[in-house]
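Spelled out from the first residue to the last, the chains are:
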Amino acid sequence: MIDLHHVTLTFPDGASCVTAVDDVTLHVAAGETVGVTGPSGSGKSSLLAVASTLITPDTGTVTIGGVDATALDLAERAELRRTKVGLVFQQSNLIASMTALEQLLVMNELTTEWRRRARRPAARRRALELLEEVGLTRHAHKRPAQLSGGQRQRVNIARALMNHPALLVVDEPTSALDQERGTEIIDLLLRLTAEHGAATILVTHEPRILPRLASALQMVDGRLTPLLEPLSAQPA
Amino acid sequence: MFVAWSDLRVAKGRFTLIGVVVTLITVLVTFLSGLTGGLVQQNISALTSLDTDRIAFSVPEGEPVTYADSAVTEAQAATWARQDGVRSVDPLGISTAKVSAGDRQATVTLFGGGPASGTDVPPAPGRVAITADTAESLDLEAGDQLRIGDASFVVDSAEGDAWYSHMPVVRLDLRDWQEITARNGAQAPFATVLAVSAEGADFTRADGAAGTSSEGLLTSLTALGSFKSEIGSLLLMVVMLFGISALVVGAFFTVWSLQRRPDVAVLKALGATNRMLTVDALGQAGVLLLVGVTAGITLTALLGALAGTALPFVLTPVTTLLPGAIMTGLGLAGAGIATRSITHVDPLTALGSNR
């Protein structure tokens, strides 16, 4: 699960400052998917950057799986992302030189810790299971260039789930896909989120997706407001 | 090195290209080192094999100390021999001469007298010791006659390898050398230098007393004009090749790192540490350098074996493994500087990046 508590993030803009995230408080429980929509420039990407610990807010706290990310240094935040956060990028952002299987296995190789060697057999089993779950067993040894857009996005999702994340941060996963493939990906995401018990924040521009989520919020000028049923969101 | 290996497997063309460049530079460096070693050996091996601690020169005041201009006297030798701590003083005469056997001729360096060289002692009067190379070129063997000017000598031994100033050395008795030098019309010197073996001697005092200028055996090599300029030029070339190698590897990994920035941003966003990414990138450079340098050394060894005696080429760990190790170290340093940019990649760029 994730808790954002009175989070504010500003960026310098010439002589002044732009408030990208304005006093946002948000709670997403394990297994729950919260959708965030809003116009371009409203602060959705900044919210995801803060939630995924890629950036530290000016004020407020971000707690992921019980760990206060705002109190951590750069290396500790990297470890938190590695162990508790799954990132599903807008574009699949797969590494061109790796096969689908290796895109998942790399999640076990992101440190120089010796114990990663001992974890390799388990990581391989986990990767193969996840590829099966996303229907890509037959494509495990294909590189991104040999996969379709939908297949690449499935690998992207499987990679995000590789390390049993407490939080899944999903950034417009269907933007590069046609409607049919987009629906498949959303179905897959919702199913896997529920099955794996991850708290999921999903940013999307597609209104048709929102009714299927536990709650949906709208971001306007850095502020979160309820869009449908604000089950767990508390706009500031 | 998970990422590094996948890159190496997939970007074969790119890595083969830079690997071939590393191999060729290694061949250049090691071949030049081998040639340098060979040329050095042909310049000084007769001196470095002498069983002595110090060489005493005597040159006119104000003149630079060189083997070519040195001429020591018997009195100077006697003064050195009287010094405390001096075990032995062996006058050594050095000159160039033409030697002949039948209708064959060769230009050699004569070493008259001097200390032992390993197990070889200077021959008895009327006898000479020639190298295997001279024996082959003059078609001589032990017991044959060799002429130096109008004097005839018996070949005492025809083996080994001893060079001075790129000429094979013929060793003979000091008095024979003095006679040959006198017959050439020059004022007969007693010897060219004194080879001194000593322990705990005061060399400054000995030099002052004898009017000589002495140097340790190795530092005395700088008194060989051709050696200093030759080794200087060759080493400069080797050093420049080392620099080029570091620059080439550094430049390749700079471009490679720039191309990898989007991937690095994704890996960092996923939780990769800077340490992991740096170790991975340096590991990749290490593999590339190891393969390239090993291939280069192997090629040099093959070329050196093919060159045989046609070139003054020395194939030893010092001329192959040492330059190879230096190249690998410098290449890694170049790659290390180039891959520093990896640590500055902002993982935030992976979010919403359009690739």
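In this text the structure is predicted, and so the values were computed from the model without any measurement.

On to the overall build of chain A, then. Counting secondary structure elements, chain A contains 6 helices and 10 strands. Relative to the globule expectation of 18 Å for 236 residues, the C-alpha radius of gyration of chain A, 17 Å, shows essentially globular dimensions. Seen through its principal axes, chain A has C-alpha atoms that stretch 50 × 40 × 35 Å. Here chain A holds 236 residues, and the buried ones make up 49% of them.

This paragraph deals with the interface of chain A and chain B. Taken together, the contact between chain A and chain B spans 26 residues of the former and 25 residues of the latter. Of all the secondary-structure elements, those providing two or more residues to the side of chain A that touches chain B are α1 (44–51) and α2 (74–84) of chain A. Here the element with the most residues in the side of chain A that touches chain B is α2 of chain A; it accounts for 5 residues. Of the residues assigned to the side of chain A that touches chain B, the class counts are 13 nonpolar, 7 polar and 6 charged.

Turning to unusual backbone geometry, a few remarks are in order. All names here are of chain A. Positive phi, close to 50°, is recorded for H164, a residue that is not glycine. Relative to the helices and strands, H164 is located in the loop between α5 (149–161) and β7 (167–171). Its identity is not glycine, yet D221 carries a phi of approximately 50°, on the positive side. Within the secondary structure, D221 sits in the loop between β9 (215–220) and β10 (223–226).

So, about the packing of helix α2 (residues 12–48) of chain B against helix α8 (residues 274–307) of chain B. Residue and element names in this part refer to chain B. Two elements in contact, α2 and α8, have axes whose closest approach is 7 Å; the angle formed by their N-to-C orientations is 45°. As the angle between them shows, α2 and α8 are arranged oblique. Here α2 runs over α8; the crossing is right-handed. Packed against α2, whose contacting residues are F15, I18, G19, V22, T23, T26, V27, T30, F31 and G34, the element α8 presents L288, L289, V291, G292, V293, A295, G296, I297, L299, T300, L303 and G304 at the interface. The class makeup of the residues in the contact of α2 with α8 is 13 nonpolar, 9 polar and no charged.

Now for the sheet that holds strand β4 (residues 59–64) of chain A. Hydrogen bonds along the backbone pair up the strands of a sheet, which may run parallel or antiparallel. Residue and element names in this part refer to chain A. Here we have 4 strands laid out as an open sheet, ordered β2-β1-β4-β5, and antiparallel in their pairing. For this open sheet the edge positions go to β2 (16–28) and β5 (67–68), each flanked by a neighbour on one side alone. Of the strand pairs in this sheet, strand β1 (residues 2–13) and β4 are connected by 5 bridges, and their pairing is antiparallel. Looking across to β4, one finds that L4 is bridged to V62.

Here we take up the sheet that holds β10 of chain A. Residues and elements named next belong to chain A. Strands sit in the order β6-β7-β8-β3-β9-β10 across an open sheet of 6 strands; the sheet is mixed. Taken across any chain shown, the strands that pair with only one partner, and hence form the sheet edges, are β6 (85–88) and β10. Sheet twist, expressed as the mean angle between neighbouring strand axes with direction ignored, is 25°. Relative to β9, strand β3 (residues 33–37) is paired through 4 bridges, and the arrangement is parallel. Of the residues in β9, the one forming a bridge with G35 is A216.

Let us look at the environment of G304 of chain B. All names here are of chain B. Mapped onto the elements, G304 comes out in helix α8. In this structure the C-alpha to C-alpha distance between G304 and G324, which are 20 residues apart in sequence, comes to 16 Å. When sequence neighbours within four positions are dropped, the list of residues in contact with G304 reads G34, F313 and L315.

With that settled, the discussion passes to the pairing of strand β2 (residues 86–101) of chain B. Residues and elements named next belong to chain B. Pairing between β2 and strand β9 (residues 193–198): 6 bridges, direction antiparallel. Within β9, the position partnered with L92 by the bridge is V193. Bridge analysis of β2 against strand β3 (residues 104–113) gives 10 bridges, and the strand direction is antiparallel. Bridge pairing in β3 places A101 opposite R104. Where β2 folds back onto β3 in an antiparallel hairpin, the turn is made up of 2 residues, including G102, whose phi is positive at roughly 65°.

Residues and elements named next belong to chain A. Per-residue pLDDT for chain A averages 87, and the proportion of residues at 70 or more is 96%. Here helix α6 (residues 179–196) stands out as the element of chain A with the lowest mean pLDDT, 84, in contrast to helix α3 (residues 100–105), whose mean of 94 is the highest. A low-confidence stretch, residues 229–236 stays under pLDDT 50, and its non-local contacts, those more than four residues away or across chains, total 24 contacts.

A separate point is the confidence of the model for chain B. Overall, the predicted model of chain B reaches an average pLDDT of 88, with 97% of residues at or above 70. The complex prediction reports pTM at 0.75, with the ipTM value standing at 0.88.

Residues and elements named next belong to chain A. Residues of β6 alternate between two faces, with V85 and L87 on one and G86 and V88 on the opposite face, all of them buried. Two elements, β6 and β7, share 4 bridges in a ladder whose sense is parallel. Each residue of the ladder has a partner; that of G86, found in β7, is L168.

What counts and what doesn't
Residues numbered from 1 in each chain as written. Chains lettered and ligands numbered in written order. Predicted model: local features only at pLDDT ≥ 70, side-chain atom pairs only at ≥ 80, totals over all residues. Helix = DSSP H or I, 4+ residues; strand = E, 2+ residues; numbered from the N terminus. Rg over C-alpha atoms; globule rule 2.2 N^0.38 Å. Buried ≥ 20, exposed ≤ 12 C-beta atoms within 10 Å, placed from the backbone. Contact = placed C-beta atoms within 7 Å. Nonpolar A, V, L, I, M, F, W, Y, C, P; charged D, E, K, R; others polar. Axes fitted to C-alpha atoms, helices over the stretch in contact; angles between N-to-C directions. Parallel < 35°, antiparallel > 145°, perpendicular 65-115°, else oblique. Left-handed = near helix turned anticlockwise from the far one by under 90°. Pairing = 2+ DSSP bridges. pLDDT = per-residue confidence, 0-100.

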